[in-house]
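An overview of the molecular structure
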Amino acid sequence: MAASMCDVFSFCVGVAGPARVAVEVRFVSSAKGKGLFATQLIRKGETIFVERPLVAAQFLWNALYRYRACDHCLRALEKAEENAQRLTGKPGQVLPHPELCPVRKDLHQNCPHCQVTYCSAECRLAAAEQYHQILCPGPSQDDPAHPLNKLQEAWRSVHYPPETASIMLMARMVATVKQGQLELLRRLFTEALYEEALSQWFTPDGFRSLFALVGTNGQGIGTSSLSQWVHACDALELKPQDREQLDAFIDQLYKDIEAATGEFLNCEGSGLFVLQSCCNHSCVPNAETSFPENNFLLHVTALEDIKPGEEICISYLDCCQRERSRHSRHKILRENYLFVCSCPKCLAEADEPNMTSEEEEEEEEEEEGEPEDAELGDEMTDV
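Parameters and conventions
- Note that residues are indexed from 1 along each chain, following the sequence as it is written.
- At least 70 in pLDDT is required for a residue's local features to be given in this predicted model, at least 80 for side-chain atom pairs to be given and counted, and no such filter applies to totals for whole chains, interfaces and linings, which use all residues.
- No hydrogens and no water enter the side-chain calculation; it runs on all heavy atoms of the structure.
- Remark: exposure states derive from per-residue accessible area (1.4 Å probe, protein chains only) relative to the maximum for the residue type, with buried under 20%, exposed over 50%, and partly exposed in between.
- The numbering of helices and of strands both runs from the N terminus, where a helix is a DSSP run of H or I of at least 4 residues and a strand a run of E of at least 2.
- Strand pairing follows a simple DSSP-based rule, namely that at least 2 bridges must link the two strands.
- We call two residues contacting when some pair of their heavy atoms lies within 4.5 Å.
- N or O atoms within 3.5 Å of each other form a polar contact, as long as, within protein, one can give a hydrogen and the other can take it, and as long as residues adjacent in sequence are counted only when both atoms are side-chain atoms.
- Here the nonpolar core consists of buried residues drawn from Ala, Val, Leu, Ile, Met, Phe, Trp, Tyr and Cys, with membership extended through side-chain atoms lying within 4.5 Å.
- The directions from the helix axis to the C-beta atoms are what the arc is built from.

This part takes up the pairing of strand β3 (residues 47-51). β3 sits mainly inside the fold: 4 of its 5 residues count as buried. Relative to strand β11 (residues 298-302), β3 is paired through 4 bridges, and the arrangement is antiparallel. Note that in β11 the partner of Phe-49 across the bridge is Val-300.

And the structure:
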């Protein structure tokens with residue numbers, strides 16, 4: 001049901017097209033549903049497509065802890081030096097080569113009614129046209145009694161970091177349809193009133209469908225002005241001694257950030273993407289997603305040559321998770337994505353014992369006579 005809702009939603013609101021026409025969506029099976037397939041040879045390292053999300057939203061705890069991002073495209077709004085100062089907890093932290101920071105504060109604009117910040121006039125207008133007229137709280141932006149603020153506080157109370165979704169993603173979906181799409185939908189569904197169809201989203205089944213749509217199709221988005229500054233530093237042509245000094249500075253900077261902030265480095269949110277949501281999972285993916293433009297534009301890049309007619313698969317697991325046992329991978333995928341993987345790697349490991357990687361490690365420790373907490377630090381690092 002989630003996929004069909006996504007199809008209807010994308011058809012109604014319109015989606016920015018891919019950078020190149022090299023893919024097509026096909027039905028795979030009743031178990032897998034749809035898949036994305038190459039229509040021509042795609043070389044390793046090539047960008048397969050670039051996609052704009054139907055809707056995106058920053059995670060609520062992420063925003064509460066002053067990770068400043070454009071309210072529409074999630075582009076990081078802090079200067080790289082400001083970002084470093086906040087993440088290290090050192091107000092006097094200075095970065096070399098400040099000219100490499102891409103943030104343009106002179107282009108930032110606020111909503112004149114609620115003062116949320118956008119990276120540009122284009123994003124402010126796009127948000128207003130798509131959903132913000134419905135969702136703008138006006139002068140009640142900081143009023144805890146405002147219905148949207150009560151909704152967000154309730155979400156934060158049940159969904160602590162690390163975050164994987166935002167209730168505002170669903171709010172923006174509803175607002176997008178309510179705002180300016182009514183006549184189009186009436187033309188598309190001549191026999192039904194759109195108010196009736198929209199009301200189904202608020203029934204228990206409908207709300208669960210929305211939740212499943214976000215939970216199973218939502219793609220995490222991360223942006224960072226500091227990360228962009230580091231990449232720009234990496235591209236500098238420097239003398240060996242200067243390169244060594246700069247690399248040492250960056251290494252120490254990340255150590256300071258880890259000590260002060262831990263793993264939460266980026267402005268984070270999630271979005272719904274039509275083509276990306278059709279990419280099935282594989283524990284041996286031939287493509288990967290990234291956000292190199294430091295906003296919500298998703299790039300899908302080939303990890304190897306992909307032949308015409310071959311399915312394009314990404315991985316829902318990170319690198320460390322993909323190296324764990326088949327049973328561990330299946331456990332993560334069942335709990336988070338509600339399916340059992342049958343990719344080539346999982347089929348090849350079908351005869352492995354049904355135990356998680358942690359259970360395997362515990363057995364090995366017991367056999368070697370080590371105390372159970374001997375590798376606790378390493379296990380915590382691997383989570």
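There's plenty left to go through after this.
Mapping Arg-26 onto the fold places it in strand β1 (residues 23-29). Expressed as a C-alpha distance, the spacing of Arg-26 and Phe-37, which sit 11 residues apart in the sequence, is 7.1 Å. When near neighbours in sequence (up to four residues on either side) are disregarded, Arg-26 contacts Gly-33, Lys-34, Gly-35, Phe-37, Ala-38 and Gly-309. Polar side-chain contacts of Arg-26 include one of 2.7 Å to the side chain of Glu-24.

Ile-42, Ile-48, Phe-49, Met-168 and Ile-312 are the most contacted members of the largest nonpolar core, which totals 52 residues. In terms of residue count, the dominant contributor to this core is helix α6 (residues 167-178) (7 residues). With 19 residues, the next largest nonpolar core counts Tyr-67, Leu-95, Leu-100 and Cys-233 among its residues.

Next up on the list: helix α10 (residues 225-234). Among the residues of α10, Ser-225, Leu-226, Trp-229, Val-230 and Cys-233 are the ones counted as buried. Each buried residue of α10 lies within a common arc of 140 degrees when the element is viewed along its axis, so the set occupies one face. Where α10 is buried, its residues meet α3 (80-88) and α11 (240-261). Where α10 starts, the residue carrying a side-chain oxygen 3.3 Å from the main-chain nitrogen of Leu-226 turns out to be Ser-224.

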